[in-house]
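Chain by chain, the residues run as shown.
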Amino acid sequence: MMNFRLFPFLILMLLSFQSLSTAHEDPSYREVQVGVILDMESWTGKVVIRCISMAISDFYTANPHYTTRIAFTTRDTKGEPLRALSATLDLLENTKVQAIIGPESTVLEDKANIPILSLSTSPFSNRNPNLLGIAQDETSQFKGIAAMVDSFKAKNVLVICEDTANGREMATYMARVFQEKNIHVTYTSLISTSDSNQHVREELHKLQTMQDTVFIVHTPPSLASNLFSIAKEMGMMGEGYMWIVTSKTMDLLDSMDTEAIESMQGVVGFRSYFSASRELHSFVSRWRKEYYALNPFMEFKEVDSNGIWAYDAVYALAMAVERVHTATELTSKDLGTNIGTSLLLDEMLRVTFHGLGGEFKLMNGRIISNAMEVVNVIGKGDRRVGFWMTATDEFVKEIKKPNSSSNQGLEIIIWPGGTTGINPKRRMLQTNGKKKLRILFPGSSRFQNLAQISVDPRTNVSVLSGFCGDVFNAAFNSLDYGVGIEVVSFSYKDGITYNDVIKKIYLKEYDAAIGDFTITSNRSLYVDFTLPFTDLGVGIISRNAKDSMWIFLDPLSANLWITTSCFFIFLGFVIWFIEHRTNEEFRGSAPQQLGTTLWFAFSTLVYAHREKLQSNLSRFVVTVWVFVVLVLTSSYTATLSSVLTVQQIGMKEISTGFFHGLSPLGVVNNKLNAVEAWSEKLYAPEDYAKALTTGKVEAIVAEILYIKSFLAMYSGSDFSLIATAPTTNGFGFVFQKGSPLATEMSTQIAKMREDGTLKALEDKWLKHKSAVMSKEFSSPSPKILNLYGLRGLFIISGVSMALALLVSMIELVCEKWHIKDKIKMLRCVLHRSSEIHAHDSDVESTV
């Protein structure tokens, strides 16, 4: 049956070549042999050979004065690369061809040292300087595909390529291009044309189980037809899927049968573009007439891009041959044996003319194209939705309006499933046939302002509320997934812990968990968390101290009180020691001197000392001490004011460490300077209040959100947040590992934090009417004054007192030694005087 259909087509081919054989009989023409190597049984081969014949006829009809003629010798490869290599060797050795048209395989590169006009669209085949790519470079569309994927905010794609050397190279190149747009190729599926339907079905099932929505197909039409037929059977051509097909298939879409096109409904593809012209319109009209004349009972198929490129390539080759002959003024009858390979190659690179495909010009051995057509497969054919401009890297609706703002972008695309607006996110959630998200939510949370669940009596649907529920609803609704939610509550009373919930998500029993889940590194190994929607870290909450008659003692630590008192007494002793010998006010009976000394020392506290000091040492010591007193009284006043405003607990004196019942936080106690003596599991705000009110505990360590929730329920005058530490990562929503929802929800949470929505929800549920949480939370804790912080003052004062006392003692010693010397001198004088008188008496008696 197939041979019968091809019979008229083969007759027309023979007639075309027979008309060219007359060139041998005309001695005025010089003939150049050119080889044509194609798979004659394929549709591409039939189209190309027919277009070559039409080009020869049209060119020499338009240029009858040319003295050269191209004579073609064809070889059929039957789709096998080895046959192409064999045909090349035969043409080179026996026919002495000067150029070859058609081979897509790279096996000819090392064998043929003549110009090769290749229909290969791969740039990787152009390794031979003699190879000229007359087809458009297929890599030029990859930037357009990446731009289209990026416009739909998709960050992951699945690539399907033919399992050949060229297919693998294209997959690698495509991944590099996508990476420039921060698009990740999640998986590359390599499928061969010889693979069974079962193997193709297994590959598609593997892709179906993945949560990515965008599929890039870069395969020949024969493989694409089978691929999309099986994909349709598997339900992968419905709503939520995005299929983007390259020109490798779309350029030959018209050659595919009706069933294959029906399976591709909603596919978007890139196709080689040829601008409308009179020549192209005339050529297409002739093609249709001849096709209908030769194939009256066959389905009509338009000429494809390969035929147009082959037509223009023959024109360029015929022009180059004539120019080489004219330039060298050859006269040999057998021009084919004399023409130079390098001359013909150089001339081909210089040829420029306006052909069927537009401006024909080779640059770096490949044809140049500035645009690709973007089409949408609808019905029995396709619909143009715009163009990808390879020169400017942008989409336009019409090429004739490059500077119009309304011309930017693409027309409306009808995607698989018949939808005009693609929702790839919905496809992510429908991977395994799921129509709803199954979400675990605490149904009996003790913190009602954090998590609440109720059932709408009208719809009988569970409704989430509380701070956590409202944050999730606001973030999820803004994503517009179009997927329902099935809420499954869990109760702590049933013995379910948060780690049990994490395990259920990890085992994919549920899709997500919402509530007060602390983000930890260990849990992140099994599930994905969103960004935290609460404050980071933990805090310590304590009961405000009751009014006490001894509150005035709080600003100073005990060691500071004792040290200060000792220094007052020491000051009095130093002043008494210096002054009592010369100052009458420090003399008297022992009780009187003691009273005066203590009075003078303690009166310096209020600067009320009235005793006059006579010694400069005393004045020096008192001056230094008055400065110390000034610093102490000023610091005491400031600290007492702070203590009266916000009650404090000295963290070093706390003898308890606590952690919340379902979120162990004992590890942070050291970071908060709390010493763990015993621990208590507290589950509810009532437990917090009872433990603090009865004095069972002095402080509670918990997540900041728990503390805010607690303070929103109880009076801020009774309890206070006294310390915080950024030691935890806050609360986040839980999703399965690899779920795209985690990233999407994180983005929405970040937006909510920026636009104030998150703060508004926090104020709604966690802000007490009689207290401003932000002020309480940000107020710094005043520090109790201690000896260590003020030790410098006491060192200075102590040194000054010691020096004064030492100097005074030295003076006293010196003074005593000075008196002794005077007495001794007096004794010596008196003793000598008595000796003189005795001597005088002896003299007188002698006389």
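Relevant structure appears above.
Per chain, residue numbering runs from 1 following the sequence as it is written. Local features are withheld for residues below a pLDDT of 70 in this predicted model, meaning they are given only at 70 or higher, and side-chain atom pairs are given and counted only at 80 or more; totals for whole chains, interfaces and linings count all residues. Working from all heavy atoms in the structure, the side-chain values ignore hydrogens and water.

Time to look at the overall build of the protein. Each helix is a run of DSSP H or I of at least 4 residues and each strand a run of E of at least 2, with the numbering of both proceeding from the N terminus. For the protein, the helix and strand inventory stands at 24 helices and 28 strands. Taking all contacts inside the protein whose residues are at least 6 apart in sequence as the whole, residues at least 24 apart take part in 72%. When the accessible area of the protein is evaluated, it comes to approximately 41700 Å², of which 56% is carbon and sulfur surface. For this analysis, residues touch if any pair of their heavy atoms sits within 4.5 Å. Using the Shrake-Rupley algorithm and a 1.4 Å probe, accessible areas are obtained, with residue cover drawn only from the displayed protein chains.

On to the pattern of salt bridges. If charged atoms from side chains of opposite charge come close, those side chains can pair. Within this document, salt bridges are pairs made up of a side-chain nitrogen of Lys or Arg and a carboxyl oxygen of Asp or Glu, the two lying within 4 Å of each other. Counted under the stated rule, the structure contains 19 salt bridges. Arg271 is the salt-bridge partner of Asp382, the closest N and O atoms lying 2.9 Å from each other. Of this pair, Asp382 sits in strand 15 (residues 381-389) while Arg271 sits in strand 10 (residues 268-272), and the two are 111 residues apart along the sequence. One connected set of salt bridges, linked through shared partners, spans Arg271, Glu373, Asp382 and Arg384.

Here we come to the environment of Met809. In this structure, Met809 sits in helix 24 (residues 791-846). Owing to a relative accessible area of 41%, Met809 belongs among the partly exposed residues under this scheme. Exposure categories follow from relative accessible area, calculated using a 1.4 Å probe and restricted to protein chains: below 20% of the type maximum is buried, above 50% is exposed, and the middle band is partly exposed.

Moving on to helix 16 (residues 558-579). Taking 1.5 Å of rise per residue, 22 residues should cover 32 Å, and helix 16 covers 32 Å from first to last C-alpha, within 8% of that figure. Among all positions of helix 16, only Leu560, Thr563, Thr564, Phe567, Phe568, Leu571, Gly572, Val574, Ile575, Phe577, Ile578 and Glu579 are buried. For a helix, the expected span equals 1.5 Å multiplied by the number of residues minus one.

This part covers the environment of Glu347. Position of Glu347 relative to the elements: it lies in helix 12 (residues 341-350). Note on Glu347: relative accessible area 14%, which makes it buried. Placed 31 residues apart in sequence, Glu347 and Ala316 show a C-alpha to C-alpha distance of 9.3 Å. Filtering out sequence-adjacent residues up to four positions away, Glu347 remains in contact with Ala320, Arg323 and Val324.

A fitted line through C-alpha atoms serves as each axis, taken over the contacting stretch for helices, and the angle formed by two N-to-C directions is quoted from 0 to 180°. Two elements in contact, helix 14 (residues 466-479) and helix 22 (residues 757-766), have axes separated by 9 Å at closest approach and are oriented at 155°. As far as their axial angle goes, helix 22 and helix 14 are roughly antiparallel. Seen along the crossing, helix 14 lies across helix 22 with a hand that is right-handed. Contacts between helix 14 and helix 22 involve Gly466, Phe467, Asp470 and Val471 on the former and, on the latter, Leu758, Leu761, Glu762, Lys764, Trp765 and Leu766. A per-class count over the contact of helix 14 with helix 22 returns 6 nonpolar, 1 polar and 3 charged. Roughly parallel here means an angle under 35 degrees, roughly antiparallel means over 145, roughly perpendicular means 65 to 115, and every remaining angle is called oblique. Each crossing is labelled by how the near helix is turned from the far one, with a counterclockwise turn of less than a right angle marking it left-handed and a clockwise turn marking it right-handed. Gly counts as polar in this scheme, as do all residues outside two lists: the nonpolar Ala, Val, Leu, Ile, Met, Phe, Trp, Tyr, Cys and Pro, and the charged Asp, Glu, Lys and Arg.

Strand order in the open sheet formed by 8 strands is 7-6-8-9-10-14-15-16, and the pairing between neighbours is mixed. Of all the strands in the sheet, the pair left with one neighbour each is strand 7 (184-191) and strand 16 (394-396). Averaged over all neighbouring strand pairs, the angle between strand axes comes to 25°, with direction disregarded. Any two strands with at least two DSSP bridges between them are considered paired.

What follows deals with the sheet that holds strand 21 (residues 512-513). Spatially, 20-17-21-28-22 is the arrangement adopted by the 5 strands of the open sheet, whose pairing is mixed. Each edge of the open sheet is held by one strand with a lone partner, namely strand 20 (484-490) and strand 22 (527-529). The strands touched by helix 14 within the sheet are strand 17 (436-442), strand 20 and strand 28 (734-736), with strand 17 carrying the most contacts at an inclination of about 160°.

A surface patch of nonpolar side chains, about 460 Å² in accessible area, is lined by Ile795, Val799, Leu803, Leu806 and Ile810. Within the secondary structure, Leu806 is located in helix 24. Accessibility expressed as a relative area gives 47% for Leu806, which makes it partly exposed. A patch is a set of surface residues, each over 30% in relative accessible area and not in a salt bridge, joined within 9 Å for like charges and within 5 Å for the nonpolar side chains Val, Leu, Ile, Met, Phe, Trp and Tyr.

On to the packing of aromatic side chains. Aromatic rings from Phe, Tyr and Trp, taking only the six-membered ring of Trp, are treated as a pair when their centres fall within 6.5 Å; an angle between ring planes under 30 degrees marks them as stacked, one over 60 as edge-to-face, and anything in between as tilted. Inspection of every chain in the model, using the stated rule, returns 23 aromatic pairs. Ring centres 6.0 Å apart and planes at 50° place the aromatic pair Phe142 and Tyr173 in the tilted group. Of this pair, Phe142 sits in helix 4 (residues 142-151) while Tyr173 sits in helix 5 (residues 165-180), placing them 31 residues apart in sequence. Summarising the aromatic geometry, the rings of Phe228 and Trp243 are spaced 5.2 Å apart at their centres and angled 65° between planes, so their arrangement reads as edge-to-face. Highlighted residues: Phe228 in helix 7 (residues 221-233) and Trp243 in strand 9 (residues 242-245), separated in sequence by 15 residues. Owing to a relative accessible area of 0%, Phe228 belongs among the buried residues under this scheme. Given a relative accessible area of 0%, Trp243 falls into the buried group. Taken together, Phe59, Tyr60, Tyr66, Phe283, Tyr311, Tyr315, Phe353 and Phe360 form an aromatic cluster joined through their ring pairs.

Turning to helix 22, its buried residues number three or more, namely Leu758, Leu761, Glu762, Trp765 and Leu766. One side of helix 22 carries all its buried residues, which in axial view fall inside an arc of 100°. This arc is built from the directions going out from the helix axis to the C-beta atoms.

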